[in-house]
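Understanding the architecture of this molecule
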Amino acid sequence: MVSMSSNRWTRTWPYAVCGLVAAAAGMAVGHLVAAFVNPAASPVLSVGSTVIDATPTPVKEWAIKHFGTNDKPILLLSVAIVTALAAAGIGLVARRRPTVALVLLVGLAGLAGLAAMTRPAALPQDIIPALAAAITGAAILSWLRGLLALRAAGAAPASAAGAAESAESPLDHTAYAPGTPSTPPRRSFLLGAAGVTAGAAVVGTIGQNLSAAPSLPTSFTLPAPTTPLPPLATGLEGTVKGISPFRTPNKDFYRVDTALVIPRVDVSSWRLSIDGDVEQPMTLSFKQLLAMPMIEHDITLNCVSNEVGGPFISSTRWLGVRVRDLLEAAKVKPGVEQILSESTDGMTISTPIEALTDQRDAIIAVAMDGQPLPAQHGFPARMVTPGLYGYVGATKWVTRLTATTYAAQQAYWTQRGWAEKADVKTQARIDTPMGLATYPPGRIAIGGVAWAQERGIEGVEVRIDQGPWQKATLGPDGGTDYWRQWYLPWDATSGRHELTVRATDGTGAQQTQTQAAPFPNGASGYHSVVVLIS
């Protein structure tokens, strides 16, 4: 005998499916429309970006620490799960109050539209994807609910009263006797829900492929630097297995930013504006930027979110225009404290004026590792500032430089409590052997990289267990703004061993042993790993 609660569940779950399928169809259509309007205006992506902005700094740091570069997919999955739960609830409401359910579904799409329209770089047309999602979702919800109504009309209770009611019901257009399960309407609902779900998957995939397609650089020849640098030396990676390459390939260069979709920039319409407290505001096209004197600069770039021993650091050769030259041409007025740079997606970064006008040669880069900037690393142009963490000196997809003061304008990260100024701290990292890995006894190499941008690395020392500090052998020197490889041969004996490393910078100052979290101005402390020899 079937219980009352079981019958109730049998009657209600299809309505939850209605809500889920309608929401999925709406999001898929909205995502596809956004690919043609503005990928960032996709309902899911715009809500995700808003969630990123609203997330407290400790939660962001926790996500980066535990999920690394997978934090964005996990965020989007979380948004999708919450949306699915809300959609299922709306579907249940539709069972008895269809009008209220439609209003709630349109309201859900409206929240996505509000998120899209409040983004820093929002345009009026960014509301279109949310409108498309609302119309599609409402239409699908009404249609699927109609199929359920037909099913209910053709499946009256198997009783005399139920049979009479079914016979008199104007909604019972089936050829089945009263009280007989109406298979065609049930099959129609299941096939309809399955068909819409499959269609949503296809539409969403097409939208994702269109949105994710990075902009391809318009054909242009990279300008030659005014004074070419000699080729970078061969690193230790050929002799010390497991050590980071001296020069990071573009495909392996770390990426940390808030962009859920990579901006697609047309170089023919791209402009770099220099304004604010300057005597001669100026705007440069990409062609004009390429025509300016270019320099090569070997720079290690690292994220302030990098934990001690973390992976968010890479090194390469950059090509670009000195920011100092641009600011001199614009004639920055006295009293300016910072340059507030802005990206095409509205991200803002503040950089101390002295870091852009001194002899460290901060650049607006157009190439890395001998190739035009990849889309995910800022094509067509980005800022790179030696000696500063990325959040205060490495704006991707840069379009504006505004001379101002810290009191007048705050950048994205400083609004969230990060330090206004953050020089890179001296650090060393063990790449090999890997922590908690097991190795056979015998001679192995302990190796890694050390960095102290603007100061360079003078020496690296390694301690095995609680023994004395031993001087490591340094790899090639790529300049004060570039990291340094190092290694120490070790005759490993059986047992559990703790390996610790520390670096000394070019001024003779040793890195601090004091442990500090990345927030608010970068992590510090010695990097240690535990290895097992057996």
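Keep in mind it's a predicted model, so treat the numbers as computed, not measured. (Residues numbered from 1 in each chain as written. Predicted model: local features only at pLDDT ≥ 70, side-chain atom pairs only at ≥ 80, totals over all residues. Heavy atoms only, no water.)

1. Observations regarding the nonpolar core
Residues Leu289, Trp318, Ile364, Val366 and Leu401 are the most contacted members of the largest nonpolar core, which totals 47 residues. If we ignore the near neighbours within four places in the chain, the residues touching Leu401 are Leu272, Ser273, Ile274, Asp275, Ile339, Leu340, Ser341, Ile364 and Met383. (Core = buried A, V, L, I, M, F, W, Y, C linked by side-chain atoms within 4.5 Å. Buried < 20%, exposed > 50% of the residue type's maximum accessible area, 1.4 Å probe, protein only. Contact = heavy atoms within 4.5 Å.)

2. Let's talk about helix α10 (residues 323-330)
Listed in full, the buried residues belonging to α10 are Val323, Arg324, Leu326, Leu327 and Ala330. The buried residues of α10 occupy an angular sector of 160 degrees when projected down its axis, which confines them to one face. Where α10 is buried, its residues meet β1 (271-276), β2 (282-285), β4 (313-322), β5 (338-343), α11 (353-357) and β7 (363-368). Count one or two residues on from α10 and you reach Lys331, which has phi positive near 60 degrees. (Helix = DSSP H or I, 4+ residues; strand = E, 2+ residues; numbered from the N terminus. Arc of directions from axis to C-beta.)

3. Some words on the packing of helix α2 (residues 43-54) against helix α5 (residues 98-117)
Here α2 crosses α5 at 60 degrees, and the two axes come no closer than 8 Å. When you trace α2 past α5, the crossing you get is left-handed. Facing α2, whose interface residues are Pro43, Ser46, Val47 and Thr50, α5 presents Ala112, Ala115 and Ala116. In terms of residue class, the contact of α2 with α5 is built from 5 nonpolar, 2 polar and no charged. (Axes fitted to C-alpha atoms, helices over the stretch in contact; angles between N-to-C directions. Left-handed = near helix turned anticlockwise from the far one by under 90°. Nonpolar A, V, L, I, M, F, W, Y, C, P; charged D, E, K, R; others polar.)

4. Observations regarding the environment of Ala88
Considering the arrangement of structural elements, one finds Ala88 in helix α4 (residues 71-93). Along the sequence, Ala88 and Trp13 sit 75 residues apart, while their C-alpha atoms lie 9.0 Å from each other. In contact with Ala88, other than residues within four places in its own chain, are Ala16 and Leu20.

5. Structural notes on the packing of α2 against α4
Where α2 meets α4, the closest approach of the two axes is 10 Å, and the angle between their N-to-C directions is 110 degrees. Regarding the angle of α2 to α4, the classification is roughly perpendicular. The crossing of α2 and α4 is right-handed. Here Val44, Leu45, Val47, Gly48, Val51 and Ile52 of α2 lie close against α4, whose contacting residues are Leu75, Leu76 and Val79. Split by residue class, the contact of α2 with α4 holds 8 nonpolar, 1 polar and no charged. (Parallel < 35°, antiparallel > 145°, perpendicular 65-115°, else oblique.)

6. A few points about the side chain of Arg484
Here Arg484 is to be found in strand β17 (residues 484-492). The side chain of Arg484 sits in the buried core without any salt bridge; Asp477 is the nearest counter-charge, 4.3 Å away. Here Pro476 takes part through its backbone oxygen, which lies 3.2 Å from a polar atom of the side chain of Arg484. In contact with Arg484, not counting residues within four places along its chain, are Gly448, Val449, Ala450, Ile457, Leu474, Gly475, Pro476 and Asp477. (Lys, Arg positive; Asp, Glu negative; His and termini not counted. Salt bridge = Lys/Arg side-chain N within 4 Å of Asp/Glu carboxyl O. Polar contact = N/O pair within 3.5 Å; in protein donor to acceptor, adjacent residues only side chain to side chain.)

7. Considering the environment of Asp423
As for its placement among the helices and strands, Asp423 is situated in the loop between β10 (398-404) and β11 (427-432). Look at Asp423 and you get exposed, because its relative accessible area is 53%. Residues Asp423 and Gly522, spaced 99 residues apart in sequence, show a C-alpha to C-alpha distance of 8.4 Å. Among all residues touching Asp423, those that are not within four sequence positions of it are Gly387, Leu388 and Tyr389.

8. Describing a nonpolar patch on the surface
Residues Phe36, Val202, Ile206 and Leu210 make up a contiguous nonpolar surface patch of about 390 Å² in total accessible area. Counting residues per element, the nonpolar patch draws most heavily on helix α8 (residues 183-212), which supplies 3 residues. Along the chain, the position of Leu210 falls in helix α8. Residue Leu210 is classed as partly exposed on the basis of its relative accessible area of 34%. (Patch = residues over 30% accessible without salt bridge, like charges linked within 9 Å, V, L, I, M, F, W, Y side chains within 5 Å. Areas by Shrake-Rupley, 256 points an atom, 1.4 Å probe, with all protein chains shown as cover.)

9. Side note on the packing of aromatic side chains
The geometry of an aromatic ring pair comes down to the distance between the two centres and the angle between the two planes. For the structure shown, the criterion picks out 10 aromatic pairs. For the ring pair Tyr412 and Trp413, a centre distance of 4.9 Å and an interplane angle of 85 degrees mean the geometry is edge-to-face. Accessibility assignment for this pair places Tyr412 and Trp413 in one class, buried. Ring plane angle 80 degrees and centroid distance 4.9 Å describe the contact between Trp418 and Phe519, whose orientation is recorded as edge-to-face. Of this pair, Trp418 sits in the loop between β10 and β11 while Phe519 is found in the loop between β18 (495-505) and β19 (527-533), placing the two residues 101 residues apart along the sequence. By relative accessible area, Phe519 is classed as partly exposed at 37%. Taken together, the ring pairs in this structure connect Tyr391, Tyr412, Trp413, Trp418 and Phe519 into an aromatic cluster. Directly above the ring of Tyr412 sits Arg416, whose terminal nitrogen or CZ lies 3.7 Å from the centroid. Above the plane of the ring of Trp469 lies Arg502, whose end atom (NZ or CZ) is 4.0 Å from the centre. (Phe/Tyr/Trp six-rings, centres within 6.5 Å; stacked < 30°, edge-to-face > 60°. Lys NZ or Arg CZ within 6 Å of the ring centre and 35° of its normal.)

10. Here we look at unusual backbone geometry
Excluding glycine, residues mostly have negative phi values, and the peptide bonds linking residues are mostly trans. With an omega dihedral of 10 degrees, the bond running from Phe379 to Pro380 counts as a cis peptide bond. Within the secondary structure, Pro380 sits in the loop between β8 (371-372) and β9 (382-384). Residue Pro433 is bonded to the preceding Thr432 through a cis peptide linkage, with omega at 0 degrees. The topology assignment puts Pro433 in the loop between β11 and β12 (438-439). The backbone of Lys331 shows a phi angle near 60 degrees, a positive value even though the residue is not glycine. Its place among the elements puts Lys331 in the loop between α10 and β5. Despite not being glycine, Leu436 shows a phi value in the positive range, around 65 degrees. Examined against the element boundaries, Leu436 turns out to sit in the loop between β11 and β12.

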